[in-house]
Amino acid sequence: MPTLSKRTEGFTDSVIRRMTRISNQYGAVNLSQGFPDFEPPRELLDRLAEVTKEDFHQYSITWGAQNFREALAQKQSKLMGRTIDPNGEIVVTCGSTEAMMAAMMTVTNPGDKVIVFSPFYENYGADTILSGAEPIYVPLYPPEFNFSIDELEAAFKQKPKALILCNPSNPCGKVFTYDELKAIADLAEKYDTFVITDEVYEHIVYEPYKHTYFASLPGMWERTISCSSLSKTYSITGWRLGYIIAPPEIIDTAKKVHDFLTVGAAAPLQEAAVTGLLFGEDYYKDLQKKYTEKRDLFLKGLDDIGIVHTVPQGAYYILLDISEFGYESDLEFCEALARDVGVGAVPGSSFFREDVNHLIRLHFAKKNETLYEALNRLKDIRKKISYRKP
Ligand code: GLN
């Protein structure tokens, strides 16, 4: 038999998605893979029902349906503080997963280096491998997940082609401050580097923190490839609708990469999602309020149980410290948690470049009743998972 590609030898399956399968196997409350168990806005579902009877069953324009791009340009122009051209500066993709992959393939050559902050969302590792690029990891230090400007500059000195910026950040919940972003921007300019952003949690930010779009920083529009998606904002992770926003010269190439990768995002779903893109400001305020309540409810529950955890500034993930259980493998701990306690989590090691085995990630994008059920199960965690002598 011939051998399979070398490029795929480097990665395992996604640990996040594996944990969903393990959770299902044990009937656990699945707080591993980050997706909601509540319904998307009714308006989107009503429009989706209508759309099935209309003429949206064939390909849309490869870089996105015209009305989708126009509605998106209108929404993002207000947020990003510049007029975005729906025809020349947007590509609609199959989720931000494809947006990030297409962005990487648009700017990197095999062998190019790319800066990735650690902890990081696991797809970035696979994205670099698939595009033949080599990651340079720069640590974010808990509890604030700050970076050292000297370590960052040392990474830039290695002449990377791009830096990947997940803001608000999965899994650590960091919302980068303006000053931190400005420091990154200055280095990107000094070392002439692209910045690829993943801003899928742009609307899930807790007071008093504020989201700053990297592309809106002085001089950064030209070198920023902004990736995001509708998944988290409208609770439609299964619709796989994402996008890239960038200057026309970059978008021209990204359009081709996207076209050959997927041809396009699903036409009926784009049409139905336009309804969401046209929502007024109240929708986003309500979303923020809803997630703030969930965060507070869940953090209070964890505090009552006495588990040490991070407090997210944005996104919907919490890292829990499991040192007290003495496990050497966080993966084994997560299996025990799903099996014996009935709660699904993701081992922290799948997000860290460093040797970290004492953290697990839970998310709280769930109905309050689901969160209460999870907390109820976690109450007896110390009885159900016994201390393991390392
Ligand atoms: N971004 C979500 C997470 O980190 C979902 C990941 C996925 O499976 N696409 O859990």
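Above: the structure in question.
Residues numbered from 1 in each chain as written. Predicted model: local features only at pLDDT ≥ 70, side-chain atom pairs only at ≥ 80, totals over all residues. Heavy atoms only, no water.

A look at the packing of helix α3 (residues 66-80) against helix α9 (residues 267-277)
At a closest axis distance of 9 Å, the pairing of α3 and α9 adopts a crossing angle of 20°. Between α3 and α9, the interaxial angle falls into the category roughly parallel. The element α3 and its partner α9 pack so that their crossing is left-handed. Packed against α3, whose contacting residues are Asn 67, Phe 68, Ala 71, Leu 72 and Lys 75, the element α9 presents Gln 270, Glu 271, Ala 273, Val 274 and Leu 277 at the interface. Tallied by class, residues from the contact of α3 with α9 come to six nonpolar, two polar and two charged. (Axes fitted to C-alpha atoms, helices over the stretch in contact; angles between N-to-C directions. Helix = DSSP H or I, 4+ residues; strand = E, 2+ residues; numbered from the N terminus. Parallel < 35°, antiparallel > 145°, perpendicular 65-115°, else oblique. Left-handed = near helix turned anticlockwise from the far one by under 90°. Contact = heavy atoms within 4.5 Å. Nonpolar A, V, L, I, M, F, W, Y, C, P; charged D, E, K, R; others polar.)

Considerations on the environment of Leu 362
Take Leu 362: it is sitting in strand β12 (residues 359-363). Overall, Leu 362 belongs to the buried group, its relative accessible area being 0%. For Leu 362 and Gly 344, which are 18 residues apart along the polypeptide, the C-alpha to C-alpha distance reads 7.7 Å. For Leu 362, the contacting residues outside a window of four places in its chain are Leu 31, Phe 298, Tyr 316, Tyr 317, Ile 318, Leu 320, Val 343, Gly 344, Ala 345 and Leu 378. (Buried < 20%, exposed > 50% of the residue type's maximum accessible area, 1.4 Å probe, protein only.)

Topic: the side chain of Thr 224
With respect to the helices and strands, Thr 224 occurs in strand β7 (residues 224-229). Side-chain polar atoms of Thr 224 contact the backbone oxygen of Met 220, separated by 2.6 Å. With residues up to four places along the chain from it excluded, the contact list for Thr 224 reads Val 195, Thr 197, Phe 214, Ala 215, Ile 245, Ala 246 and Pro 247. (Polar contact = N/O pair within 3.5 Å; in protein donor to acceptor, adjacent residues only side chain to side chain.)

Some remarks on the pattern of salt bridges
Under the counting rule described, the total for this entry stands at 19 salt bridges. In this structure, Arg 21 and Asp 13 form a salt bridge, with 3.1 Å as the shortest nitrogen-oxygen distance. On the basis of relative accessibility, which here comes to 34%, the residue Asp 13 falls in the partly exposed class. As a salt-bridge pair, Arg 295 and Asp 296 come within 3.3 Å of each other at their nearest N and O atoms. Three or more residues are tied together by salt bridges with common partners; here these are Arg 47, Glu 50, Glu 54 and Glu 271. (Salt bridge = Lys/Arg side-chain N within 4 Å of Asp/Glu carboxyl O.)

Let's talk about the sheet that holds strand β6 (residues 194-198)
In space, the seven strands of this open sheet follow the order β2-β8-β7-β6-β5-β3-β4, with mixed pairing throughout. The open sheet has two free edges, formed respectively by β2 (90-93) and β4 (134-139), since each of these has just one partner strand. Neighbouring strand axes in the sheet, compared pairwise and without regard to direction, differ in orientation by 20° on average. For β6 and β7, the ladder comprises four bridges, and the chain directions are parallel. If you follow Val 195 over to β7, its bridge partner there is Thr 224. Across the sheet, α3 touches β2, β7 and β8 (242-245), and the angle it forms with β2 is around 115°. (Pairing = 2+ DSSP bridges.)

Observations concerning the site of the ligand
Taken together, the residues surrounding the ligand are Ile 16, Arg 17, Gln 33, Gly 34, Tyr 121, Asn 170, Tyr 201, Lys 232, Tyr 317 and Arg 361. With respect to the ligand, the side chain of Arg 17 contributes an N or O atom lying 2.7 Å from an oxygen atom. Between Gln 33 and the ligand, the recorded distance is 2.6 Å, taken from a side-chain N or O atom to an oxygen atom. Taken by itself the ligand offers 290 Å² of open surface, and the protein chains cover 89% of this. Broken down by class, the residue content of the shell around the ligand amounts to four nonpolar, three polar and three charged. (Near = heavy atom within 4 Å. Areas by Shrake-Rupley, 256 points an atom, 1.4 Å probe, with all protein chains shown as cover.)

Describing helix α6 (residues 149-156)
Those residues of α6 not exposed but buried are Leu 152, Glu 153, Ala 155 and Phe 156. The buried residues of α6 all sit within an arc of 155° when viewed along its axis, so they share a single face. Where α6 is buried, its residues meet β3 (113-118), β4, β5 (162-166) and α7 (178-190). (Arc of directions from axis to C-beta.)

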